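Single-letter residue listing:
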Amino acid sequence: MAEWLVEEGIGETRAVLVEAGQVLAARLEWPGSLAAGETADATLISRRSGAKRGTVRFASGEEALIDGLPANASEGASVRATITRAAIAETGRLKRAQARFTDRPARPAPSLAQRLSEDGAPVRVVSRFPDDPWPEIISEALDGLIAFDGGSIVVSPTPAMTLIDIDGAMAPRMLALAAIPAIATAIGQFDLAGSIGIDFPSLERKDERRDVDEALAAALDHWPHQRTAMNGFGFVQLVARLERPSILQRVRQEPCAASARLLLRRAEQVSEPGVLLLKAHPQVCNAIATAWQDELQRRTGRRIRIEPDSNLALAGGFAQAVAS
């Protein structure tokens, strides 16, 4: 039976859905911004006359687009809102969080473990994932590349949609079918949602396109979504409810912050005695917040030393114990 495993890390909470040793899905949460399910008071800062939509600012300073405003809510008024979608950073712009007016009591956003428990699968908090898949998940998210026997897919976030491109040397029909398990893996592993475009090889025959459509439907039958049939150019569009940034969007938008969190995770797992030495690219070192370093020291009970090394790749940082 599939089970969600949750790690409460430094600067992030992460989770993987595992069944028979295979990762079916993953989630990543970074604190500090509005999250879906949070209900709080905010100030209405803009609204067109008579419109049900407007913009609100929360106590943290973060702004959100709000819908369902009552007729008597004017600019400057305090309104209560429930976040329906977190903010999503994209190249060159930021999509503000989305909210809806409510009169329900204020409450914080559910924790990641609480939200996962609503999916039906059991949830267990662990200190470390068994057969640790997390470094590979982050590595694949940073470059967007997932290989399969006979080819590979490249997953790229864009302002309009997430695009999945397929490359390989097999015949087009065989390549398209061989790519489907990797596509299903990417959707679950990177927590993709919203609008997703898949660029399959062009297939002229309708029966071949139907074969791919049926295989894709079977591979994604567990995932709530809508999709188009493959067109003559091999393009398929998927649409799923969007509540949060995908893992792919988070790490590609802030690769230094993602690499810093991964480095802290590695440091927390060092078992040898001594001072904890963290070596990483200078930009990754700069991304380590003071609060994160303090938390690492609290969790490990050790002194921490951070040394920048410009010869290391962003994701190439490492941690080790050294003599004081």
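Residues numbered from 1 in each chain as written. Predicted model: local features only at pLDDT ≥ 70, side-chain atom pairs only at ≥ 80, totals over all residues. Heavy atoms only, no water.

How would you sum up the pairing of strand 14 (residues 162-168)? Please name residues and give values.
Successive side chains on a regular strand alternate, one facing one side of the sheet and the next facing the other. In this sheet, strand 14 lies alongside strand 13 (residues 151-157) in antiparallel orientation, the contact comprising 7 bridges. Across the sheet, residue isoleucine 153 finds its bridge partner in strand 14, namely isoleucine 166. Connecting strand 13 to the next strand, strand 14, in antiparallel fashion are 4 residues. Where strand 14 meets strand 15 (residues 194-199), 4 bridges bridge the pair, whose relative direction is parallel. Note on strand 15: the bridge partner recorded for leucine 163 is glycine 197. (Pairing = 2+ DSSP bridges. Helix = DSSP H or I, 4+ residues; strand = E, 2+ residues; numbered from the N terminus.)

Can you lay out the sheet that holds strand 11 (residues 123-125) for me, pointing to particular residues and giving the numbers?
Pairing is mixed in the open sheet, where 4 strands are placed in the order 3-2-1-11. Whereas interior strands pair on both sides, the edge strands pair on one side only; in this sheet they are strand 3 (22-29) and strand 11. On average, each strand axis in the sheet is tilted by 20° relative to the strand beside it, whichever way the strands run. Relative to strand 3, strand 2 (residues 13-19) runs antiparallel, the two being bridged by 7 bridges. Counted as the bridge partner of valine 18 is valine 23 from strand 3. Sheet contacts for helix 2 (residues 134-143): strand 2 and strand 3; angle to strand 3, the most-contacted strand, approximately 70°. (Axes fitted to C-alpha atoms, helices over the stretch in contact; angles between N-to-C directions. Contact = heavy atoms within 4.5 Å.)

Can you break down unusual backbone geometry residue by residue, with the values?
One non-glycine residue with positive phi stands out, namely alanine 20, at about 55°. Within the element layout of this structure, alanine 20 appears in the loop between strand 2 and strand 3. In this structure, aspartate 191 takes a positive phi of about 55° despite not being glycine. Aspartate 191 gets classed as buried once you look at its relative accessible area, which sits at 9%. (Buried < 20%, exposed > 50% of the residue type's maximum accessible area, 1.4 Å probe, protein only.)

I'd like a rundown of the sheet that holds strand 15, residues and numbers included.
Spatially, 6 strands are ordered 12-13-14-15-17-16 in an open sheet, and the strand pairing comes out mixed. Taken across any chain shown, the strands that pair with only one partner, and hence form the sheet edges, are strand 12 (145-148) and strand 16 (226-227). Bridge count between strand 15 and strand 17 (residues 235-240): 6 bridges; the pairing is antiparallel. Note that in strand 17 the partner of glycine 194 across the bridge is alanine 240.

So, the pattern of salt bridges: which residues are in play, and what are the values?
If you walk through the whole model with that rule in mind, you get 21 salt bridges. A salt bridge links arginine 96 to glutamate 63; its shortest N-O distance comes to 3.1 Å. With arginine 96 in the loop between strand 9 (93-95) and strand 10 (97-101) and glutamate 63 in strand 6 (residues 63-67), this residue pair connects regions lying 33 residues apart in the sequence. By relative accessible area, which is 33% here, arginine 96 ends up partly exposed. With a shortest N-O distance of 2.8 Å, glutamate 295 and arginine 299 are connected by a salt bridge. Of this pair, glutamate 295 and arginine 299 both sit in helix 8 (residues 290-300), 4 residues apart, which is roughly one turn of the helix. (Salt bridge = Lys/Arg side-chain N within 4 Å of Asp/Glu carboxyl O.)

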